[in-house]
Amino acid sequence: MKEITAKEVQQRIENGEKLNLIDVREVDEVQAGHIPDIMHIPLGLLEFRMHELDKAKPYIMVCRSGGRSGQATQYLQGYGFDVTNMAGGMLSWEGKVE
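None of these values were measured; they are calculated from a predicted model.

Draft legend 1. Fine view of the side chain of Thr73. Looking at where Thr73 falls in the secondary structure, it is placed in helix H4 (residues 67-77). Of the residues examined, Thr73 reaches a relative accessible area of 0% and is grouped as buried. Separated by 2.7 Å, the side chain of Thr73 and the backbone oxygen of Ser69 make a polar contact. Excluding its chain neighbours within four sequence positions, the residues that come into contact with Thr73 are Met1, Lys2, Met61, Val83, Thr84 and Asn85.

Draft legend 2. Just the sheet that holds strand S1 (residues 2-5), in detail. Pairing within the open sheet is parallel, and its 5 strands lie in the order S1-S5-S4-S2-S3. The sheet terminates laterally at S1 and strand S3 (39-40), the two strands that pair on one side only. Packed onto the sheet, H4 meets S1, strand S4 (58-62) and strand S5 (82-87) and runs at close to 170° relative to S5.

Draft legend 3. Molecular detail of the pattern of salt bridges. Per the stated rule, a full pass over the model turns up 6 salt bridges. Between Glu17 and Arg12 there is a salt bridge, and its shortest N-O distance comes to 2.7 Å. Residue Glu17 is classed as partly exposed on the basis of its relative accessible area, which comes to 38%. For the salt bridge of Asp23 with Arg25, the shortest nitrogen-to-oxygen distance reads 2.8 Å.

Draft legend 4. Examining the layout of surface pockets more closely. Looking at the largest pocket, its volume works out to about 240 Å³. What lines the largest pocket is a set of 14 residues, among which Ile13, Glu17, Ile35, Pro36 and Asp37 lie closest to the centre.

Draft legend 5. Representation of the packing of aromatic side chains in the model. In the structure shown here, the tally under the stated rule is 1 aromatic pair. Judged by centre distance (5.1 Å) and plane angle (55°), the rings of Tyr75 and Tyr79 are tilted. Residue classification places Tyr79 among the partly exposed positions, given a relative accessible area of 41%.

Draft legend 6. Representation of the side chain of Glu29 in the model. For Glu29, the location among the structural elements is in helix H2 (residues 27-31). From its side chain, Glu29 meets the backbone nitrogen of Glu26 in a polar contact 2.8 Å long. When neighbours within four sequence positions are excluded, Glu29 is seen to be in contact with Arg64 and Arg68.

Draft legend 7. How the structure looks around the environment of Lys18. You can see Lys18 is positioned in the loop between helix H1 (6-14) and strand S2 (21-23). Judged by relative accessible area, Lys18 falls into the exposed class, the value being 66%. Considering only alpha carbons, one finds Lys18 and Asp37, 19 residues apart in sequence, at a separation of 9.3 Å.

What counts as what
Residues numbered from 1 in each chain as written. Predicted model: local features only at pLDDT ≥ 70, side-chain atom pairs only at ≥ 80, totals over all residues. Heavy atoms only, no water. Helix = DSSP H or I, 4+ residues; strand = E, 2+ residues; numbered from the N terminus. Buried < 20%, exposed > 50% of the residue type's maximum accessible area, 1.4 Å probe, protein only. Polar contact = N/O pair within 3.5 Å; in protein donor to acceptor, adjacent residues only side chain to side chain. Contact = heavy atoms within 4.5 Å. Pairing = 2+ DSSP bridges. Axes fitted to C-alpha atoms, helices over the stretch in contact; angles between N-to-C directions. Salt bridge = Lys/Arg side-chain N within 4 Å of Asp/Glu carboxyl O. 1 Å grid on protein atoms, 1.4 Å probe; cavity = no way out; pocket = protein on both sides within 12 Å on 5 of 7 lines; lining within 4 Å. Points joined across faces, edges and corners; volume = space filled by probe spheres on them. Phe/Tyr/Trp six-rings, centres within 6.5 Å; stacked < 30°, edge-to-face > 60°.

In short, geometric facts, not functional conclusions.
Given below as structure tokens:
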């Protein structure tokens, strides 16, 4: 499974890179604070909303600590998606939040 640190994600965003971030936390967690411009798909709904994703795009999966996003990464990889887990999740995030 591919992984990226929260710091690397933050640096890429600050450098103007457009990343495809998917937050798999629950609604209340995302409302409490999330990385700007994320797509929100709770982990439990991922299999039902997979059709919204494009296999030609790379995705970075985000959750609170990296566990659920790791599950999501492995799940989507199994279906041929290019996905990377943000290790440490939002607990490691020091960038801007909405």
